[in-house]
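# Summary of the model geometry
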Amino acid sequence: MQRTMLKSKLHRVRTTHSELDYEGSCAIDEALLEAADIREYQQIDIYNINNGERFTTYAIRAQRNSGIISVNGAAARKVSPGDLLIIASFATYSELELEKFNPQLIYVDNLNRIKDQRQAIPVQAA
């Protein structure tokens, strides 16, 4: 059996830009991409804490240590600068891989700088 599980999340990042006239995607500070093990053009889910919007797009790289979180294209209508977001990535794991499963959780300050980085405590199957 294969299971799709949370691989990593950027918790409560603050939207810095909302660019409607862009082709699409979400530009994310390169340091945050690396910390969360998210690759450029990888599918991500975004959850807007301020308004409850949830949507899927893909990540692109923004300048390292810039703090940029820019939601672009049509998705820009779902966020406003200053909104708090959770950005999640998922992966599919085999039952054997789940024995070592440990998602990366990245917490940031109000300027989107990493303040804590940890692995989730895996939940054991009953």
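Provided above is the structure to which this section pertains.
The paragraphs below set out a description of the structure included in this document.

What counts, and at which threshold
- Residues numbered from 1 in each chain as written.
- Predicted model: local features only at pLDDT ≥ 70, side-chain atom pairs only at ≥ 80, totals over all residues.
- Heavy atoms only, no water.
- Core = buried A, V, L, I, M, F, W, Y, C linked by side-chain atoms within 4.5 Å.
- Buried < 20%, exposed > 50% of the residue type's maximum accessible area, 1.4 Å probe, protein only.
- Helix = DSSP H or I, 4+ residues; strand = E, 2+ residues; numbered from the N terminus.
- Contact = heavy atoms within 4.5 Å.
- Phe/Tyr/Trp six-rings, centres within 6.5 Å; stacked < 30°, edge-to-face > 60°.
- Pairing = 2+ DSSP bridges.
- Axes fitted to C-alpha atoms, helices over the stretch in contact; angles between N-to-C directions.

## Notes on the nonpolar core
If you look at the biggest cluster of nonpolar residues, it comprises 21 residues, and the most contacted ones within it are Leu10, Ile28 and Ile87. Of all the secondary structure elements, the ones that give two or more residues to this core are β1 (2-14), β3 (25-29), α1 (30-35), β4 (43-48), β5 (54-62), β6 (69-72), β7 (84-94) and β8 (104-108). Of the residues forming this core, the biggest block, 3 residues, is contributed by α1. Excluding its chain neighbours within four sequence positions, the residues that come into contact with Leu10 are Ile28, Leu32, Ala36, Ile38, Leu85, Ile86, Ile87 and Ile106.

## Notes on the environment of Pro103
Relative to the elements of secondary structure, Pro103 occurs in the loop between α2 (95-98) and β8. C-alpha of Pro103 to C-alpha of Ala36: the two residues are 67 residues apart in sequence and 8.9 Å apart in space. With residues near it in sequence (within four places) discarded, Pro103 still touches Leu6, Lys7, Arg118, Gln119 and Ala120.

## What about the packing of aromatic side chains?
In this structure the tally under the stated criterion is 2 aromatic pairs. An angle of 70° between the planes, with centres 5.2 Å apart, marks the rings of Tyr93 and Phe101 as edge-to-face. In this structure, Tyr93 and Phe101 share a single accessibility class: buried.

## Re the sheet that holds β7
Read from one edge of the open sheet, 9 strands run β2-β6-β3-β5-β4-β7-β1-β8-β9, paired in mixed fashion. The sheet terminates laterally at β2 (17-19) and β9 (114-119), the two strands that pair on one side only. If you compare each strand with its neighbour and ignore which way they point, the axes differ by 30° on average. Here β3 pairs with β5 via 4 bridges, running parallel. Within β5, the residue paired with Cys26 across the bridge is Ala59.

## What about the pairing of β1?
On any regular strand, side chains alternate: one points to one face of the sheet, the next to the other face. Two strands pair when backbone bridges link them, and β1 and β7 are joined in this way by 11 bridges, in the antiparallel orientation. Along β7, the bridge assignment pairs Val13 with Leu85. As judged from the 4 bridges shared by β1 and β8, these two strands associate in the parallel manner. Across the sheet, Ser8 pairs through a bridge with Gln104, a residue of β8.

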